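One letter stands for each residue in the lines below.
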Amino acid sequence: MTTTTQRQASWAKAIAKPATEFPLTQLSTISGKIPESLKGSLYRNGPARLERDGLKVGHWFDGDGAILAVHFAEGQARATYRYVQTEGYLEEERANKLIYGNYGMVATGSWLQRFGKSSKNVANTSVLALPDKLLALWEGGLPHALDLETLETYGLENLEGLENRLPYSAHPKRDPLTGEIFNFGISYGKNATLHIYRSDRAGKLIKKNQATLQGLPMIHDFVLAGDFLIFCVPPLRMNPFPVLLNLQSYSESLQWKPQEGTEILVFNRHNLELISRNVAEPWYQWHFGNGYSDRFGNVVFDLIRYPDFTTNQFLKEVASGQTKTKAEGTLWQMRLDPKTGEFLEASQLLDRGSEFPSVAPAEVGQNSRYTYLSIHRPDAVINQEIFGTIARYDYKTHTLTEADLGANRYGMEPLFAPDATNPDRGYVITVVFDGDRQYSEVWIFDSDRLDSEPICRLALPSIVPMGFHGTWRA
């Protein structure tokens, strides 16, 4: 067996079986010590069940969502891991079989049985912590509300304003100065409609607006930059008829049309009015990093940029545990004039495959010195590996600081947690799967010493599969 094959088998072990829940449990320390000044909760979301009764889902995005919560206080940590109890999950659990279609699969059964059947809200993409509840997010529908401590599922949540089940996407942005929360959703008709939402700090919708898009594109994320909300609409278009007839999945119906270019829409974050729209060269992005307004009134933002939509095929293959498609996204910084939507500058910051960029919560929408991200190890075979480490990019020195998680270990999206006693310092937390030992751990780093040993490593009671996004709640 080659080294490459061994590495591939290592990460695939995390998703080979449906994940096992565990109740609130005191976590044991493997090494180091939990800082007394680390106070708050880490929440992470991701697909935890990728098969039922021997039948696999069609895409990594199709797995049922499960939430990990790790609560830190007084130098101790308690954790729980639970599936979001969506209606679709409960129905399939009772039947012990896959029933519904989703992003990368059609519903099971004959065509007559599939006809008119809606997709399952898998609640598997991200989380939003509100004062009285945790929201499990999925971009195709309403969020699910959960208990902040125990992760008990309360049910669907419309935030007092999402009428007719308007979708609420999985990448909200919270302004650290006002507490306001911004998000969006896409609905489909002859053309797609982009719905934009502004909520108060409790999540209640206080303003909505909408804009008509060209054709039926897909938008996964956006960026808050000072007084602006920026959307980059990639040249991806859905063919609706096979989806409506349940002949193709949403993913299969998406067509890459580079001749359309990437459309840039700039909105005022206060009144949600459209300021400008423009068309730029084609690229694809799943995720943005941070954004801000510079001293000249221009907008600067970061994103992980791909040359095309091949990334979707790689993510489909992840669900099978056997990947072969090369799809490498890299960190870019863009500068544009918000009044016209025209780009003034676009530069690649890193040439290493990376994803899941994040910044300290207190710096969202402002000029931030650091971006934290998942990144491939230098020796990774890109088309056969998932991200094997985490790193910090310094915009002041243009340097990359990497953690060494070790061979056959895979860290999830790194999240910054502030020091409760010193606002000038903080910690970086990631959940690590050890493919050799088939074990999941929580690793805590000093944010300024990411290339040193972790401050603390905590053992989790069961494997937590690689997921997508999380948040820190102080």
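Residues numbered from 1 in each chain as written. Predicted model: local features only at pLDDT ≥ 70, side-chain atom pairs only at ≥ 80, totals over all residues. Heavy atoms only, no water.

Visitor: How would you summarise the sheet that holds strand S8 (residues 126–129) if you had to cite specific residues and measurements?
Guide: Sheet strands line up and pair through hydrogen bonds in the backbone, either parallel or antiparallel. Read from one edge of the open sheet, 4 strands run S8-S9-S10-S11, paired in antiparallel fashion. Strands with a single pairing partner mark the edges of an open sheet, and in this sheet they are S8 and strand S11 (153–156). Taken pair by pair, the neighbouring strands of this sheet meet at an average axis angle of 25°, ignoring direction. As defined by bridge partners, strand S10 (residues 144–146) adjoins S11 across 3 bridges and the pair is classed as antiparallel. Paired with leucine 146 across the bridge in S11 is threonine 153. (Pairing = 2+ DSSP bridges. Helix = DSSP H or I, 4+ residues; strand = E, 2+ residues; numbered from the N terminus. Axes fitted to C-alpha atoms, helices over the stretch in contact; angles between N-to-C directions.)

Visitor: Can you break down the sheet that holds strand S13 (residues 181–188) residue by residue, with the values?
Guide: In space, the 4 strands of this open sheet follow the order S12-S13-S14-S15, with antiparallel pairing throughout. The sheet is open, and its two borders are formed by strand S12 (173–174) and strand S15 (205–212), each paired with just one other strand. Two elements, S12 and S13, share 2 bridges in a ladder whose sense is antiparallel. Note on S13: the bridge partner recorded for arginine 174 is isoleucine 181.

Visitor: I'd like a rundown of helix H2 (residues 87–95), residues and numbers included.
Guide: Along H2, the residues that are buried comprise Gly88, Tyr89 and Glu92. On an axial view of H2, the arc spanned by its buried residues comes to 100°, and they lie on one face. Facing away from the buried surface of H2 by more than 90 degrees, the exposed residues are Glu87 and Arg94. On its buried face, H2 is in contact with strand S4 (51–52), strand S6 (64–73) and strand S7 (76–83). (Buried < 20%, exposed > 50% of the residue type's maximum accessible area, 1.4 Å probe, protein only. Arc of directions from axis to C-beta. Contact = heavy atoms within 4.5 Å.)

Visitor: Summarise unusual backbone geometry; cite the residues concerned and give the values.
Guide: One non-glycine residue, aspartate 53, lies in the positive phi region at around 50°. Look at aspartate 53 and you get exposed, because its relative accessible area is 60%. The residue asparagine 246 is not glycine, and still its phi comes out positive at about 55°. With respect to the helices and strands, the residue asparagine 246 is situated in the loop between helix H4 (240–244) and helix H5 (250–253).

Spatial relationships are all this shows, so hold off on functional conclusions.
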